[in-house]
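Breakdown of the fold
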Amino acid sequence: MSFTPPGQLAVENVRSLSPYVPGKPIEELQRELGLSDIIKLASNENPFGPGPAALEAMRRALAETWLYPDGSGHILKQKLAVKLGVQPNQITLGNGSNDALVLLAEAFLKPGLEAVYSQYGFAVYPIAIQATGATAVAVPALGADSPMHLGHDLAAMARAINARTRVVFIANPNNPTGTWAAAGELEAFIAAVPPHVIVALDEAYYEYTVGMKLQNGVEWIARFPNLVVFRTFSKAYGLAGVRVGYAVSDPTVADMLNRVRQAFNVSSVGLAGAAAALDDTTHVAAAVNVAIAERARVSARLTALGTKVVPSAGNFLLLHAGANARGKFEALLRLGIIVRPVGNYQLPEHLRVTLGTVEQNDRFLRAWEAC
Ligand SMILES: Cc1ncc(COP(=O)(O)O)c(C=O)c1O
């Protein structure tokens with residue numbers, strides 16, 4: 001009898017999945033190269049981390065970690081509802097916004113249905129779609145003739161919608177490209193999406209778009225009840241490690257997401273940290289201001305060095321590193337700098353770098369020049 005590894009008993013759509021490739025952890029590089037002074041500019045985290053209020057709230061929450069968290073996330077949802085101008089029953093909390101995206105796929109997709117996303121759209125979308133057995137439909141991105149090259153081609157995405165389509169995923173701005181859709185263009189797209197399709201608008205980097213003409217999708221939910229907006233505490237709020245994100249939607253959609261949500265999907269430490277971080281607007285604004293200023297400064301410097309930089313509305317830049325992008329990535333690692341290769345996005349000549357502190361970015365720029 002031939003031996004079939006038990007993993008092969010998994011369903012076909014899971015066996016054929018390409019797993020998510022995370023950024024290299026600092027500890028891993030320490031083990032590999034024995035370096036001590038390592039900076040990670042690979043996962044679009046906020047280098048300033050949580051503010052003192054969030055840290056204190058999380059420390060206090062540690063003492064209560066023998067208890068299950070509040071599965072309804074009552075306090076955090078109340079605060080979010082006030083901040084966003086929605087009702088608490090429109091909010092679904094997730095173990096990171098990744099969790100909320102997966103809940104949407106679980107609740108709205110199944111084999112025989114389709115979900116549309118853009119060619120260079122965030123890697124979680126095809127994974128979440130395919131895990132349900134639905135068909136992931138990737139739409140080619142905008143070409144080099146567009147000022148938003150590599151960004152979402154909304155007109156082509158609209159054309160990809162058919163009777164089987166149930167969800168369209170749009171990240172605005174998008175990761176890993178940093179590209180964005182202008183408010184008017186996005187509005188026209190959403191208005192034209194037929195009512196049998198949910199528009200999943202992922203605004204993980206929304207806080208970094210201050211001063212740009214990007215729409216706050218939450219304001220559109222009353223007008224477009226098939227719109228679901230995703231936000232996270234992992235980026236501007238500096239809480240990636242405790243995993244808190246959320247979806248804002250019509251209450252009937254939130255009701256469905258809550259049916260598939262694990263009862264205690266957000267930890268008590270995460271709930272406490274997120275609630276406190278939400279109140280500490282000064283800390284968040286300071287981190288965002290640095291990222292926005294550094295986005296302009298680092299882009300300009302890289303451009304002056306002859307590197308092509310994709311326009312970005314996020315806290316990161318996608319750089320054209322050329323045919324030796326892998327070599328450049330490895331040379332940076334040897335200098336203790338972790339950036340993100342994006343070969344898994346079929347962008348083998350690009351690297352993505354997260355904007356760190358001014359000092360970290362200066363170190364990156366010196367290394368980039370040297371590599
Ligand atoms: C566009 C986008 N959406 C969602 C996420 C998921 O973030 P989290 O699960 O930490 O909220 C990320 C993380 O990199 C992202 O880039």
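See the structure above.
The following paragraphs examine the structure supplied in this document. (Residues numbered from 1 in each chain as written. Predicted model: local features only at pLDDT ≥ 70, side-chain atom pairs only at ≥ 80, totals over all residues. Heavy atoms only, no water.)

1. Describing the nonpolar core
Here is the rule: Residues belong to one nonpolar core when they are buried, are Ala, Val, Leu, Ile, Met, Phe, Trp, Tyr or Cys, and are joined through side-chain atoms within 4.5 Å. We call a residue buried when its accessible area falls under 20% of the maximum for its residue type, exposed when it is over 50%, and partly exposed in between, using a 1.4 Å probe and counting protein chains only. What counts as a helix is a DSSP run of H or I of at least four residues, what counts as a strand is a run of E of at least two, and both are numbered from the N terminus. Contacts are assigned to residue pairs that have any heavy atoms within 4.5 Å of one another.
Ranked by size, the top nonpolar core spans 56 residues in total, and within it Leu76, Leu80, Ile170, Leu227 and Phe233 carry the most contacts. Here this core gets seven residues from one element, more than from any other, and that element is helix α10 (residues 268–279). Among residues more than four places away in sequence, those in contact with Ile170 are Tyr125, His152, Leu154, Met157, Leu186, Phe189, Val199, Ala200, Leu201 and Asp202. By size, the runner-up hydrophobic cluster in this structure holds 35 residues, among which are Tyr125, Ala128, Phe169 and Leu318.

2. Section: the pairing of strand β3 (residues 114–118)
For clarity, the cut-off: Two strands are counted as paired when DSSP detects at least two bridges linking them. Orient the strands so they point away from the viewer; a crossover is then right-handed if the path from the first strand over the helix to the second runs clockwise.
Of all five residues in β3, five are buried; the element is thus mostly enclosed. The alternating pattern of β3 places Glu114, Val116 and Ser118 and Ala115 and Tyr117 on opposite faces, both of which are buried. Pairing analysis gives five bridges linking β3 to strand β4 (residues 135–139), with the strands arranged parallel. When the sheet's bridge partners are listed, Ala115 is paired in β4 with Ala136. Tracing the backbone out of β3, into helix α6 (residues 124–131) and back to the parallel element β4 gives a crossover that is right-handed. Here β3 pairs with strand β5 (residues 165–171) via three bridges, running parallel. Paired with Ala115 across the bridge in β5 is Val167.

3. A word on the site of the ligand
Spelled out, the test is: Residues are classed as near a molecule or strand on a simple rule: at least one heavy atom within 4 Å of it. Here the Shrake-Rupley method, with its probe set to 1.4 Å, supplies the accessible areas, and only the displayed protein chains count as covering residues. All residues other than Ala, Val, Leu, Ile, Met, Phe, Trp, Tyr, Cys, Pro, Asp, Glu, Lys and Arg, Gly among them, are scored as polar; the first ten of these are nonpolar and the last four charged.
Residues in close proximity to the ligand include Gly96, Ser97, Asn98, Phe122, Asn175, Asp202, Ala204, Tyr205, Thr232, Ser234, Lys235 and Arg243, which together make up its full environment. In isolation the ligand exposes 400 Å². Once the protein is present, 94% of that is buried. For the shell around the ligand, a count of residues per class yields three nonpolar, six polar and three charged.

4. Describing the packing of helix α3 (residues 52–62) against α10
The axes of two packed helices give the description: the angle between them and the distance between them. For the record, the criterion: All axes are obtained by fitting lines to C-alpha atoms, using only the stretch in contact for helices, and the reported angles, taken between N-to-C directions, cover 0 to 180 degrees. For this classification, under 35 degrees means roughly parallel, over 145 means roughly antiparallel, 65 to 115 means roughly perpendicular, and everything else is oblique. Each helix crossing is assigned a hand: it is left-handed if the near helix lies turned anticlockwise from the far helix by less than a right angle, otherwise right-handed if that turn is clockwise.
Viewed as axis vectors pointing N to C, α3 and α10 meet at an angle of 155°, and their least axial separation amounts to 8 Å. In terms of axis orientation, α3 runs roughly antiparallel to α10. Where α3 crosses over α10, the handedness of that crossing is right-handed. Taken together, the residues of α10 that come into contact with α3 (itself represented by Ala53, Ala54, Ala57, Met58, Ala61 and Leu62) are Ser268, Val269, Ala272, Gly273, Ala276 and Ala277. Here the residues of the contact of α3 with α10 sort into ten nonpolar, two polar and no charged.

5. Examining empty space enclosed by the protein
This is how it is decided: Using a grid of 1 Å spacing that covers the protein atoms alone, one calls a set of points a cavity when a 1.4 Å probe fits there but cannot get out, and a pocket when the set is open and has protein on both sides within 12 Å along at least five of seven lines; lining residues are those with an atom within 4 Å of a point. Grid points are joined across faces, edges and corners, and a volume is the space filled by probe spheres set on the points.
A full pass over the atoms with the stated rule returns two cavities of 30 Å³ or more. Within the lining of the largest cavity, the residues separate by chemical class into seven nonpolar, three polar and one charged. Put simply, the second largest cavity is a space of about 30 Å³. Every residue lining the second largest cavity is listed: Asp70, Gly71, Ser72, Gly73, Leu93, Arg261, Ala263, Phe264, Asn265, Val266 and Leu271. Across the lining of the second largest cavity, the residue classes break down as five nonpolar, four polar and two charged.

6. Some thoughts on the sheet that holds strand β10 (residues 316–320)
Here we have four strands laid out as an open sheet, ordered β9-β10-β13-β12, and antiparallel in their pairing. With one partner strand each, in any of the chains shown, β9 (308–310) and β12 (340–341) form the two edges of the open sheet. Here two bridges tie β12 to strand β13 (residues 350–354), and the two strands are oriented antiparallel to one another. Along β13, the bridge assignment pairs Arg340 with Arg352.

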